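Below, each chain spelled out in residue letters.
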Amino acid sequence: MTLGLINANPVVHAKKERIARTEDPHNDDAVDPLEIYDILLFYLSSLLDIRDPEHPYSLEQLSVLSEESITVDEKLGRILITFTPTIQHCSMATVIGLCLRAKLKHCFPPHFKVDIKVSPGSHANEESVNKQLNDKERVAAALENPNLRQLVDECLYSNEL
Amino acid sequence: MEDELKEIETLQGHTDKVWSVAWKPLAATTHPLVLASCSGDKTVRIWEHTPSSSPSSLSWHCKAVLDETHTRTVRSCAWSPSGKMLATASFDATTAIWEDVGGDFECVSTLEGHENEVKSVSWNASGSLLATCSRDKTVWIWEVMPGNEFECVSVLQGHSQDVKMVKWHPTLDVLFSCSYDNTVKVWWAEDGDPDDWHCVQTIGESNNGHSSTVWALSFNAKGDKMVTCSDDLTLKIWESDIEMMESGNGYAPWTHVSTLSGYHDRTIFSVHWSRDDIIASAAADDAIRLFVENKDGKIDGPSYNILLKKDKAHDVDVNSVQWSPGDNRLLASASDDGTIKIWELTTLT
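Thresholds applied
- Residues numbered from 1 in each chain as written.
- Chains lettered and ligands numbered in written order.
- Predicted model: local features only at pLDDT ≥ 70, side-chain atom pairs only at ≥ 80, totals over all residues.
- Helix = DSSP H or I, 4+ residues; strand = E, 2+ residues; numbered from the N terminus.
- Buried ≥ 20, exposed ≤ 12 C-beta atoms within 10 Å, placed from the backbone.
- Contact = placed C-beta atoms within 7 Å.
- Axes fitted to C-alpha atoms, helices over the stretch in contact; angles between N-to-C directions.
- Parallel < 35°, antiparallel > 145°, perpendicular 65-115°, else oblique.
- Left-handed = near helix turned anticlockwise from the far one by under 90°.
- Nonpolar A, V, L, I, M, F, W, Y, C, P; charged D, E, K, R; others polar.
- Core = buried A, V, L, I, M, F, W, Y, C linked by C-beta atoms within 7 Å.
- Arc of directions from axis to C-beta.
- Pairing = 2+ DSSP bridges.
- UniProt positions renumbered as here; feature names shortened; annotations may be inferred.

1. Re the overall build of chain A
Counting secondary structure elements, chain A contains six helices and three strands. Taken from the N to the C terminus, the helices and strands of chain A come in the order α-α-β-β-α-β-α-α-α. When the 161 residues of chain A are sorted by exposure, 30% land in the buried category. Residue pairs in contact within chain A that sit at least 24 positions apart in sequence constitute 71% of those at least 6 positions apart.

See the structure below:
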C-alpha cells in the first residue's frame, strides 16, 4: 500500500485565519464542528506527516479538510464529514476516510451516526469510495487488517499527549 | 387491541459489537430455548433459557463461550436443522463447524477456501448442504459428508462485489444470495444435478430490486414469499409459485409484490419473517420495526402495514433480529452496543 499523498505538486492554499469565538456557557455538551475539525486536522496531519515527510504542507493548506466540511446535527445525533483527496485518483482516500472514522469513534459518544464522504467531483471513483467508507461491515473488516490497524493505531495514540 | 414489544431481558457478555443471533431449532417443546450469538470479540456465545423460580433472577444464562478458534470477527452463525451442529462464519476467511457434545461445543471442522472475510453461512432444509459467501464475491456450496467432512461441490461466481448473505429456501434446495452489488441472485441445480448449480435469476434495480447493498433476506413459513432489506432504506416483498417448483415443473421466478419505504432512516441490516407472518426489521437507526400484511383491501395485490416501531431498541445500531421457535412470540436482537435483547410481542386488549 502506498501511503504517500501521491501528488508532487499540490495546490497550496493559505491558512485560514481562525475567528475567535465566544463560548456558549449553556451548551457544554454540544458537539462543535470546529472542535471536530481541530481534532481531525491535527490527527490527519500527523497521519500523513509520519508516512510522508516529503510533504511539508499541512492538510489545511492542501484543503483535504476544511471547517466547512464538517456538519453536525445535534438533534439527530449525526456528523457528516466531507473531505477532498488531493488528486482525482488518490488511493489514500479510503485510508484517510477509515482513519477519520476511527478517530471520530475514539473521540465522540458512540450514539453519533457518522457519514464520511469525499467532496463531490473530487475523486474519480467517488461513488464507490463513499459506499465503501459507509459500509460498517467493510470498515470493521478493514480495521482488523493488521497493516491498516497498525497505521490507524499509531496515529490514534502517537500524538495524544 | 394494541401490540407491544416488551423487553424481557438484556444478555451481556460480549465485549464487542454483536453481529448476529440464531435460535436453535426446537427438537421438542419441552426443550429449553437456546440462542447463539456471534461478535467482533471473535467469540460465539450460547445462551439458554431457564424458567426462573423467582421473578428477580435472570432467566437467561450463558451456557458456553466458543472461543480460541476464530481469529477475527465472527460475522454470522447458523444451526443445522437438527440443532446438533452450529456453523460460524468469520472475517478470518474460515467457517467453523461446532458440535454440541452434551452441552460442550467442540469445533469438529474448519472450512477453508474463501480468499477473505466469510460473511454468512446457511444450511439447507435437510441439513445435507451448506452455503457460505464472502467478500471474494463467491458463493460456495458444501456437501455434508459422513464423519464431519465437508466437500465443496460448487463455487458460484456471478456477483460483481462482496456477497453479504446466503440463505437456503425453507423447503426447496434453492439458494439465495444478496450483495454489495445491489442484487439478489437465485441459484439452482437443474434436475437436481448436484454438480450443476447456476444462477437462474438476478433481482436488480432494473426489475424492481434494490438501489444499494442488499443486506439480508428471509422467507415466510410456506416459502412462497420472501422479504429483502437494503441500504436503500427499503424492504421489498417478493413472491413465487413454489408449487410449480415442488411439482418439478421447472424454476418459477420471484416477482415484486410490495416496497416498504419511509420507515427506517438508516441502513436496514436485518429482516426476519415469523411463522405467524410478522416481519421484523432492524437498522442502523437503532430501531426495530414490525410489519404485517394488510388483509383488508387486496384489490391491488397484498400490501403491508407497520404493526409497531420500537425506537431506541438499542443504544446504537441493531444488526440482527430473529424470531424464536416455539409458542411464545419472542424476538432476539443484537447490537453494536455489545448486548442481545430478548423481546416479547404481546397484544394488549
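From this point, the narrative continues.
2. Quick notes on the packing of helix α3 (residues 93–107) of chain A against helix α4 (residues 126–133) of chain A
Residue and element names in this part refer to chain A. At a minimum axis distance of 10 Å, the contact between α3 and α4 shows a crossing angle of 30°. Taken together, the axes of α3 and α4 lie roughly parallel to each other. Crossing geometry of α3 relative to α4 is assigned as right-handed. Residue-level inspection shows Ala93, Thr94 and Gly97 of α3 in contact with α4, the latter providing Val129, Gln132 and Leu133. In the contact of α3 with α4, the residues fall into three nonpolar, three polar and no charged.

3. Focus on the nonpolar core
Formed by 97 residues in total, the largest nonpolar core has its most connected members in Ala36, Cys77, Ala87, Ala131 and Leu217 of chain B. The residues contacting Leu217 of chain B, other than those within four sequence positions of it, are Met165, Lys167, Phe176, Cys178, Val184, Met226, Val227, Thr228 and Val271 of chain B. Phe83, Cys99, Ile116 and Val129 of chain A belong to the second largest nonpolar core, which has 26 residues in total.

4. As for unusual backbone geometry
Residue and element names in this part refer to chain B. For Lys137, which is not glycine, the phi torsion reads 75° and is therefore positive. Looking at where Lys137 falls in the secondary structure, it is placed in the loop between β11 (129–134) and β12 (138–145). By C-beta crowding, Lys137 is classed as partly exposed, having 19 other C-beta atoms within 10 Å. Its identity as a non-glycine residue notwithstanding, Asp286 has a phi of 70°, on the positive side. Inspection of the secondary structure assignment puts Asp286 in the loop between β23 (278–283) and β24 (288–294). Of the residues examined, Asp286 has 23 C-beta atoms within 10 Å and is grouped as buried.

5. Quick notes on α4 of chain A
Residues and elements named next belong to chain A. Residues Val129, Asn130 and Leu133 constitute the buried set of α4. The buried residues of α4 occupy an angular sector of 95° when the element is viewed end-on, so they sit on one face. Turned more than 90 degrees from where α4 packs its buried face, Glu127 and Ser128 sit exposed. Buried-residue contacts for α4 involve α3 and β3 (113–118).

6. Considering the sheet that holds strand β18 (residues 214–219) of chain B
Residues and elements named next belong to chain B. With antiparallel pairing, four strands are arranged side by side in an open sheet as β18-β19-β20-β21. Two strands lie at the open edges of the sheet, namely β18 and β21 (255–260), each paired on one side alone. Averaged over all adjacent pairs, the angle separating strand axes in this sheet is 25°, with direction ignored. Where strand β19 (residues 225–230) lies against strand β20 (residues 235–239), five bridges are found, and the strand directions are antiparallel. In the strand pairing of β20, Val227 is matched with Ile237.

7. Considering the interface of chain B and chain A
For interface size, the figure often reported is the accessible area lost on association. In this assembly, 11 residues from chain B lie in contact with seven residues from chain A. Taken together, the residues of the side of chain B that touches chain A break down into four nonpolar, three polar and four charged.

8. So, the environment of Val74 of chain B
All names here are of chain B. Secondary-structure assignment places Val74 in strand β6 (residues 74–79). Residue classification places Val74 among the buried residues on the basis of 30 C-beta atoms within 10 Å. Each C-alpha atom of the pair Val74 and Thr88 lies 6.7 Å from the other, and the pair is 14 residues apart in sequence. Ignoring any residue separated from it by four or fewer positions in sequence, one finds Val74 in contact with Cys38, Ser39, Lys42, Thr43, Val44, Thr88 and Ser90.

9. A closer look at the sheet that holds strand β9 (residues 104–111) of chain B
Residue and element names in this part refer to chain B. Spatially, β6-β7-β8-β9 is the arrangement adopted by the four strands of the open sheet, whose pairing is antiparallel. A single partner strand is all that each edge strand has here, and the edge strands are β6 and β9. Taken over all neighbouring pairs, the strand axes of this sheet differ in orientation by 25° on average, direction set aside. Alignment of strand β8 (residues 95–101) against β9, held across seven bridges, turns out to be antiparallel. Paired with Ile97 across the two strands is Ser109, which belongs to β9.

10. Notes on helix α5 (residues 136–143) of chain A
Glu137, Ala141 and Ala142 of chain A are the residues of α5 of chain A that are buried. Buried residues in α5 of chain A, looked at end-on, bunch into an arc of 135°, giving them a common side.

11. A word on the UniProt feature "repeat: WD" (unreviewed entry) in chain B
In the numbering used here, UniProt assigns the "repeat: WD" (unreviewed entry) feature to residues 11–48, 67–99, 111–144, 156–187, 207–239 and 311–349 of chain B. Taken end to end, residues 156–187 of chain B is 0% helix and 56% strand, and its two terminal C-alpha atoms sit 8 Å from one another.

12. As for the pairing of strand β16 (residues 184–189) of chain B
Residue and element names in this part refer to chain B. With five of six residues buried, β16 is to be regarded as a mostly interior element. Here strand β15 (residues 174–179) pairs with β16 via five bridges, running antiparallel. Counterpart to Leu175 in the pairing with β16 is Trp187. Linkage of β15 to β16, two consecutive antiparallel strands, is achieved through a turn of four residues, within which Asn182 is found at a positive phi near 75°. With six bridges joining them, β16 and strand β17 (residues 197–203) adopt antiparallel strand pairing. The residue of β17 that forms the bridge with Trp187 is Cys199.

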